[in-house]
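Here's the letter readout for the chains.
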Amino acid sequence: MTVAIVRFGGSNCDRDAARALDDLGIENEIVWHEDGLPADTTGVMLPGGFSYGDYLRAGAMAARAPIMAEVKALAEDGVPVLGICNGAQMGCEASMTPGAFTTNESARFQCEHVHVRVENADTRWTAAYEEGQVLELPIAHGEGRFEITDDRLAELQAENRVLFRYATPDGEITAEANPNGSTDNVAGILGETENVAVLMPHPERVALADIGPTDGRGILAGFARATVSP
Amino acid sequence: MTAYTATVTVRLKSGVLDPEATTTQRALERLGFDLSSLRSADQFEIDLEAADAASAESRATEMAERLLANPTIHDYTVSVAER
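1. Things to note about the interface of chain B and chain A
Okay, step 1: Each side of the interface is counted separately: chain B has 14 residues, and chain A has 15 residues.
Okay, step 2: Each partner contributes to the roughly 1,200 Å² buried at the junction of chain B and chain A, and carbon and sulfur atoms together form 63% of this total.
Okay, step 3: Counting the contacts that link chain B with chain A gives 0 salt bridges.
Okay, step 4: At the junction of chain B with chain A, the criterion picks out 5 residue pairs in polar contact (both at pLDDT 80 or more).
Okay, step 5: If you list the elements that add at least two residues to the side of chain B that touches chain A, you get helix H1 (19-30) and helix H2 (53-68) of chain B.

Now the structure itself:
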């Protein structure tokens, strides 16, 4: 299996992602978006960064790059696709996941550690955790506020597709624990199927035991897991 | 074919928080201006050639649908003028 880490002009978390996947023993390859996906692609990572300089809206240009049609086709075939930060913005802009990530409530770029609570542990991305478990993950974004229409949010909740919500270290969902004003404290969600997920925090930055905590490791390990029904 | 300029204005749907507008309003108030509220919008002026105004408008509308606006958070308007 090879996880294709798609690099766009302005991606800057692609190498961190590769190093984390290497450490997990998950074969991976950084792929320049204009080259298209390799034939043996069995997973796709849309990494963080500032593709196309965040022009228009973060992720808007990359979401419409030709390679994304290939990513969507694989996603429909059940291939795991994970979007992190700028990759999450791309996922929503490409309509692979619902809603939108837009300007933080603070109107500032925020780079800090936050806590998220695992809302659904029955997915490949969260199977390493218990439901209700609290993870400490870094965020680094200016456009991370999750916006979604009320009816689509209700649909996400009814279908148990919210993966992570910003929480206090004790796992309480409060306004104070919400770093960017996201609707319902949502930090990460599933697409229409369990193989597609996006989140704003950076699991690849907390995945190597040599440099600190490894709270994010289990999320990336999702590439190596079989489908878990949501 | 006639030359047109299509103007696409993209704004946040009412009810969607606009932190940049709030910050801008606060800065204006700090400068001593008196205002009740402020909204911001992105405006795109697109020069194009089309058989008539209707087809120029429909092409610009498709541009808004497919890229310029994000339907989750935006409303947009399109107007067309001969150039």
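There is more to say, and it comes next.
2. Considerations on the layout of surface pockets
Okay, step 1: In this model, the largest pocket occupies a volume close to 620 Å³.
Okay, step 2: Along the walls of the largest pocket sit 28 residues, with Lys72, Ala94, Ser95, Met96 and Thr97 of chain A positioned nearest its centre.
Okay, step 3: Secondary structure elements with two or more residues in the lining of the largest pocket: helix H3 (67-76) and helix H4 (86-93) of chain A together with H2 of chain B.
Okay, step 4: Looking at the lining of the largest pocket element by element, the count peaks at 5 residues for H3 of chain A.

3. A closer look at the nonpolar core
Residue and element names in this part refer to chain A.
Okay, step 1: The biggest cluster of nonpolar side chains holds 44 residues, and the ones touching the most others in it are Met45, Leu82 and Phe164.
Okay, step 2: Leave out the neighbours within four places in its chain, and Met45 touches Val3, Ala4, Ile5, Val6, Ala17, Leu21, Leu82, Ile84, Leu220 and Phe223.
Okay, step 3: Counting residues in hydrophobic clusters, the runner-up holds 19 residues, among them Val31, Val44, Ile67 and Ala94.

4. Concerning the sheet that holds strand E3 (residues 74-82) of chain B
All names here are of chain B.
Okay, step 1: Reading across the sheet, the 3 strands line up as E2-E1-E3 and stay open at both edges, with antiparallel pairing between neighbours. The outermost strands of the open sheet, each flanked by one partner alone, are strand E2 (41-50) and E3. Neighbour-to-neighbour, the strand axes of this sheet turn through a mean angle of 20°, independent of strand direction.
Okay, step 2: Sheet contacts for H2: strand E1 (2-12), E2 and E3; angle to E2, the most-contacted strand, approximately 135°.

5. Some remarks on the pattern of salt bridges
Residues and elements named next belong to chain A.
Okay, step 1: Summed over all chains, the structure comprises 13 salt bridges over all chains.
Okay, step 2: Between Arg117 and Glu119 there is a salt bridge, with the nearest N and O atoms lying 2.7 Å from each other.
Okay, step 3: Assessed through its relative accessible area of 15%, Glu119 is described here as buried.
Okay, step 4: Salt bridges here are not isolated pairs; linked through shared partners, they connect Arg117, Glu119, Arg165 and Asp184.

Quick notes on the rules
- Think of each chain on its own: its residues are numbered from 1, step by step along the sequence as written.
- Chain letters and ligand numbers both follow the written order, the letters beginning at A and the numbers at 1.
- Residue-level local features of this predicted model are given only where pLDDT is at least 70; pairs of side-chain atoms are given and counted only at 80 or more, and the full residue set underlies all totals for whole chains, interfaces and linings.
- Water and hydrogen atoms were dropped before computing side-chain values, which therefore reflect all heavy atoms in the structure.
- Contact between two residues is taken to exist if any of their heavy atoms lie within 4.5 Å; hydrogens are not considered.
- Defined here as a combined quantity, buried area equals the accessible surface (1.4 Å probe) lost by two parts on assembly, summed across both.
- Whenever a carboxyl oxygen of Asp or Glu lies within 4 Å of a side-chain nitrogen of Lys or Arg, that contact is scored as a salt bridge.
- Under this definition, polar contacts are N or O atom pairs within 3.5 Å; protein pairs additionally need one hydrogen-donor-capable and one acceptor-capable atom, and for neighbouring residues in sequence, both atoms have to be side-chain atoms.
- Secondary structure elements are defined from DSSP: runs of H or I of at least 4 residues count as helices, runs of E of at least 2 residues count as strands, and each element is numbered from the N terminus.
- Computed over the protein atoms alone on a 1 Å grid, cavities are sets of points where a 1.4 Å probe fits but cannot get out and pockets are open sets with protein on both sides within 12 Å along at least five of seven lines; a residue lines them when it has an atom within 4 Å of a point.
- Grid points are joined across faces, edges and corners, and a volume is the space filled by probe spheres set on the points.
- We call a set of buried Ala, Val, Leu, Ile, Met, Phe, Trp, Tyr and Cys residues a nonpolar core when their side-chain atoms join them within 4.5 Å.
- Note on classification: 1.4 Å probe, protein chains only; a residue is buried when its accessible area is under 20% of the maximum for its type, exposed when over 50%, partly exposed between these limits.
- At least two DSSP bridges between two strands are needed for those strands to be called paired.
- Axis geometry follows a simple rule: fit a line to the C-alpha atoms, using only the stretch in contact for helices, then measure angles between N-to-C directions, giving values from 0 to 180 degrees.

Function cannot be inferred from these measures alone, as they are strictly geometric.
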